[in-house]
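# Close look at the chain arrangement
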Amino acid sequence: MTVQELPGAAAYRPAPPPAWKPLTDPEPLLPDAEPYRVLGTDAAAGVDPGLLLRLHAALVRGRRYNTQATALTRQGRLAVYPSSTGQEACEVAAALVLEERDWLFPSYRDTLAAVARGLDPVDALTLLRGDRHTGYDPREHRIAPLCTPLATQLPHAVGLAHAARLKGDDVVALAMVGDGGTSEGDFHEALNIAAVWRAPVVFLVQNNGFAISVPLSKQTAAPSLAHKAVGYGMPGRLVDGNDAVAVHEVLAEAVARARSGGGPTLVEAVTYRMEAHTNADDATRYRSDEEVASWRDHDPVLLVEREATGRGLLDEEALGAVRQDAERMAAALRERMNADPVLDPMDLFAHVFTRRTGPLDEQRARLRAELEAASAHEDAGHAPGQGPAAGGPDDEQVAEDGR
């Protein structure tokens, strides 16, 4: 006797599914066929002069920040630096479009976005220097820790945005990710739950052409990354990622939509990574010099500068002042990064748990005792690193604490 032949089995047979009906009209969610642009089009004449000058100053400063941080890696002052040279328009626009109460969720390449939002440049580089996991208080700056694992910051952004809405806080989260991050499961999970919950979050994908050495064509067969938004039920926007004005406008609309209860938006900014993936990468192995050169005329700094000078908003004196300000920033960064940091080993235990556990307290006490014993040993006239006299009190203390 089969299951279907058991008494009462017919009552458990599922009814035919209802006729299929789309939950959302896909047409309004589809991105434009071409990336949205402002600079170099008739729309540029209507750009607010104040915004144009603000973007220009931030871009010049950002370019200098990138070149200085890259130089610091060659000098051994940074362990690694993923440069955003060529992508400054995305970085700057993401920072400037947010209100103070909003949150930024950056990836490891987005130190410039954090600095443009007001974070101290040295604090932004602390992780890449290897001094700490994070060089700043995320709550103070409303900037989540720089995220090295790909796309794991995206679900965090959704969770914070959803929690803020439940609490009645008028907060939007803007999460940044590269095209390589869109191949991670975290990306898909974050977009799906954000759309279902209608969370006030904006996803900015910086499509710079490569996930290290893997071109976009090896990651997806979709018409664009912005098209992926439709599958989750949110709008997808395609924008020229080197056009700072266009990126700022598209992100501003997405942030306003999220803040008003309209839900999330996926923005794909088409840009290009001019430098190697990091200082440890040889980009010549997977792309040609000709390809890189073809993007130089579409440099985000030059695009804004041409528009501002063409409209008479910038002259040589004003340009010089902007560049001098960027040089002062770079000089201060260079000087401060050349100073060796003073590190306290006890900080290892400071931010592990909200409330320290018993085993952690034991480890903390043990390390403190070892440090105090070593300090007392040096004060007694022994050379650093030389063991204490056999049978001495320091030796007994270290042996006791090391159990």
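To start, this report covers the structure provided alongside it. (Residues numbered from 1 in each chain as written. Predicted model: local features only at pLDDT ≥ 70, side-chain atom pairs only at ≥ 80, totals over all residues. Heavy atoms only, no water.)

Below, the discussion takes up the layout of surface pockets. In this structure, the largest pocket encloses a volume near 690 Å³. In terms of lining residues, the largest pocket is bounded by 19 residues, among which R132, H133, T134, D347 and H351 are the most central. In this structure, the second largest pocket encloses a volume near 330 Å³. In this structure, the second largest pocket is lined by 19 residues; those nearest its centre are L23, T24, Y232, G233 and M234. (1 Å grid on protein atoms, 1.4 Å probe; cavity = no way out; pocket = protein on both sides within 12 Å on 5 of 7 lines; lining within 4 Å. Points joined across faces, edges and corners; volume = space filled by probe spheres on them.)

Judged by nonpolar contacts, the single largest core of 64 residues is most densely connected at Y65, L78, L125, L174, V202, L204 and L251. Excluding its chain neighbours within four sequence positions, the residues that come into contact with L251 are A93, A94, V97, L174, V202, L204 and V267. The next biggest cluster of nonpolar side chains, apart from the first, holds 26 residues, and it includes A164, A175, A199 and V205. (Core = buried A, V, L, I, M, F, W, Y, C linked by side-chain atoms within 4.5 Å. Buried < 20%, exposed > 50% of the residue type's maximum accessible area, 1.4 Å probe, protein only. Contact = heavy atoms within 4.5 Å.)

Moving on, we come to the packing of helix α1 (residues 49-74) against helix α2 (residues 88-96). Here α1 crosses α2 at 125°, and the two axes come no closer than 9 Å. Judged on the interaxial angle alone, α2 and α1 are oblique. Between α1 and α2 the crossing geometry is right-handed. Note on element contacts: α2 touches α1 through E88, A89, V92 and L96, opposite R54, L55, A58, L59, G62, R63 and N66. Split into classes, the residues belonging to the contact of α1 with α2 amount to six nonpolar, two polar and three charged. (Axes fitted to C-alpha atoms, helices over the stretch in contact; angles between N-to-C directions. Helix = DSSP H or I, 4+ residues; strand = E, 2+ residues; numbered from the N terminus. Parallel < 35°, antiparallel > 145°, perpendicular 65-115°, else oblique. Left-handed = near helix turned anticlockwise from the far one by under 90°. Nonpolar A, V, L, I, M, F, W, Y, C, P; charged D, E, K, R; others polar.)

Turning next to the sheet that holds strand β2 (residues 173-178). The strand order across the open sheet formed by five strands is β1-β2-β3-β7-β6, and the pairing between neighbours is parallel. Each edge of the sheet is formed by a strand with only one pairing partner; in this case those strands are β1 (103-105) and β6 (236-240). Across the sheet, the mean angle from the axis of one strand to that of its neighbour is 20°, orientation sign disregarded. Inspection of the sheet shows β1 paired to β2 by three bridges, in the parallel sense. By the bridge assignment, L104 is partnered in β2 with L174. Contacting β3 (201-207) and β7 (265-270), helix α8 (residues 185-197) crosses the sheet at an angle of about 150° to β3. (Pairing = 2+ DSSP bridges.)

Here we take up the pattern of salt bridges. Per the counting criterion, the structure on display carries 17 salt bridges. Here R101 and D170 are joined by a salt bridge, their closest N and O atoms 2.9 Å apart. Pair noted here: R101 is in the loop between α2 and β1 and D170 is in the loop between α7 (153-167) and β2, with a separation of 69 residues, a long-range link. Among the residues examined, R101 registers a relative accessible area of 35% and is labelled partly exposed. Judged by relative accessible area, D170 falls into the partly exposed class, the value being 37%. (Salt bridge = Lys/Arg side-chain N within 4 Å of Asp/Glu carboxyl O.)

On the surface, I193, V196 and W197 cluster together into a nonpolar patch covering about 260 Å² of accessible area. Residue placement: V196 occurs in helix α8. (Patch = residues over 30% accessible without salt bridge, like charges linked within 9 Å, V, L, I, M, F, W, Y side chains within 5 Å. Areas by Shrake-Rupley, 256 points an atom, 1.4 Å probe, with all protein chains shown as cover.)

Further remarks concern α1. Along an α-helix, a turn takes 3.6 residues, which lines up residues three or four apart on a common side. With 26 residues, α1 extends 38 Å between its outermost C-alpha atoms, agreeing within 8% with the 38 Å of an ideal straight helix rising 1.5 Å per residue. Two residues or fewer past α1, G76 is found with a positive phi of approximately 80°. (Expected span 1.5 Å × (residues − 1).)

Here the focus is helix α11 (residues 300-310). Along α11, the residues classified as buried are P300, V301, L303, V304, E305, E307 and A308. The N-capping residue of α11, defined by a side-chain oxygen 2.7 Å from the backbone nitrogen of V301, is D299. Note on α11: the residue one or two positions beyond its end, G312, has a positive phi of about 75°. (Polar contact = N/O pair within 3.5 Å; in protein donor to acceptor, adjacent residues only side chain to side chain.)

This part covers the pairing of β3. Among the seven residues that make up β3, seven are buried, leaving the element largely enclosed by the rest of the structure. Residues V201, F203, V205 and N207 point to one face of β3 and V202, L204 and Q206 to the other, with burial holding for every one of them. Bridge count for β2 against β3 is six bridges, and the pairing is parallel. The residue of β3 that forms the bridge with L174 is V202.

Looking now at unusual backbone geometry. Even without glycine at this site, A151 takes up a positive phi of about 70°. Along the chain, A151 falls in the loop between α6 (138-141) and α7. Its relative accessible area of 2% is what places A151 among the buried residues. Unusually for a residue other than glycine, I212 sits at a positive phi of about 55°. The residue I212 is located in the loop between β4 (210-211) and β5 (214-215) in this model.

Let us look at the packing of α2 against helix α9 (residues 244-259). Close contact between α2 and α9 brings their axes to 9 Å; oriented N to C, the two are set at 35°. Note that α2 runs across α9; the crossing there is right-handed. Seen from α2, the contacting residues are A89, C90, A93, A94 and L96; seen from α9, they are A244, V247, H248 and L251. Partitioning the contact of α2 with α9 into residue classes produces eight nonpolar, one polar and no charged.

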